Amino acid sequence: GMGSWAARPKGMWGHTPGPPLNLYGNRTGGKLMKVKDIVDILKCQVLNEGDMEEEVKTACGSDMMSDVLAYVKDQAVLLTGLVNLQVVRTAEMMDMNCIVFVRSKMPTAEMIELAKDCGMVILATDKRMYEACGILYSNGLVGNRVKNA
């Protein structure tokens, strides 16, 4: 066998490679992240409450909705800085259950109405896109896959 993880050589960044540090993901047999966990992790403001117990498997961060449509439907959360109705419509089309607006962007009343109709959770964080995605990733939420990739 390989022996213990600790006996293995140091990785490129000086850490010991081992099982992914993962609070939520399946790879370590842990539980999946839930919408309410995202609220805690990114210190979000909840602008529209939906099913906060819903599990989130992957995440997608983009301000281009055409890019979002290229991903597979996989219980994803959308992180975006784009504020328009198209964002909610795209997320609904992709069966997403949660949108996180980064950089303290505030959706319009019309967007929140549409989200209510779809039963979609709308969150806002003051973190920037890169940081918000990085924090979720480091907490075990993996990136979504592009279709046929």
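**Some details on the overall build of the protein**
Working step 1: Counting secondary structure elements, the protein contains five helices and eight strands.
Working step 2: Starting at the N terminus, the α and β elements of the protein follow one another as β-α-β-β-β-α-β-α-β-α-β-α-β.
Working step 3: The buried share among the 149 residues of the protein stands at 42%.
Working step 4: Partitioning the contacts of the protein with sequence separation of at least 6, the portion at a separation of at least 24 is 49%.
Working step 5: Accessible surface for the protein amounts to roughly 8400 Å². Of this, 54% is attributable to carbon and sulfur atoms.

**What to know about unusual backbone geometry**
The phi torsion of most residues other than glycine is negative, and most of the peptide bonds are trans.
Working step 1: Positioned with a positive phi, Gln-75 is a non-glycine residue whose angle comes to about 45 degrees.
Working step 2: Mapped onto the secondary structure, Gln-75 falls in the loop between helix 2 (65-68) and strand 5 (76-80).
Working step 3: Residue classification places Gln-75 among the partly exposed positions, given a relative accessible area of 26%.
Working step 4: We note that Asp-95 has phi near 55 degrees; this positive angle belongs to a residue other than glycine.
Working step 5: Note on placement: Asp-95 falls in the loop between helix 3 (85-93) and strand 6 (98-101).

**A look at the sheet that holds strand 4 (residues 58-61)**
Working step 1: Strand order across the open sheet formed by six strands is 2-7-6-5-4-8, with mixed pairing between neighbours. A strand with exactly one partner marks an edge of an open sheet, and here the two such strands are strand 2 (45-48) and strand 8 (142-143).
Working step 2: Pairing of strand 4 with strand 5, which is carried by four bridges, proceeds in the parallel orientation. In the strand pairing of strand 5, Gly-61 is matched with Leu-79.
Working step 3: Helix 4 (residues 109-118) rests against strand 2, strand 6 and strand 7 (121-124) of the sheet, and its axis sits at about 75 degrees to strand 2.
Working step 4: Sitting on the sheet, helix 5 (residues 129-138) touches strand 4, strand 5 and strand 8, and the angle it makes with strand 5 is about 155 degrees.

Scoring rules and cut-offs
Residues numbered from 1 in each chain as written. Predicted model: local features only at pLDDT ≥ 70, side-chain atom pairs only at ≥ 80, totals over all residues. Heavy atoms only, no water. Helix = DSSP H or I, 4+ residues; strand = E, 2+ residues; numbered from the N terminus. Buried < 20%, exposed > 50% of the residue type's maximum accessible area, 1.4 Å probe, protein only. Contact = heavy atoms within 4.5 Å. Areas by Shrake-Rupley, 256 points an atom, 1.4 Å probe, with all protein chains shown as cover. Pairing = 2+ DSSP bridges. Axes fitted to C-alpha atoms, helices over the stretch in contact; angles between N-to-C directions.

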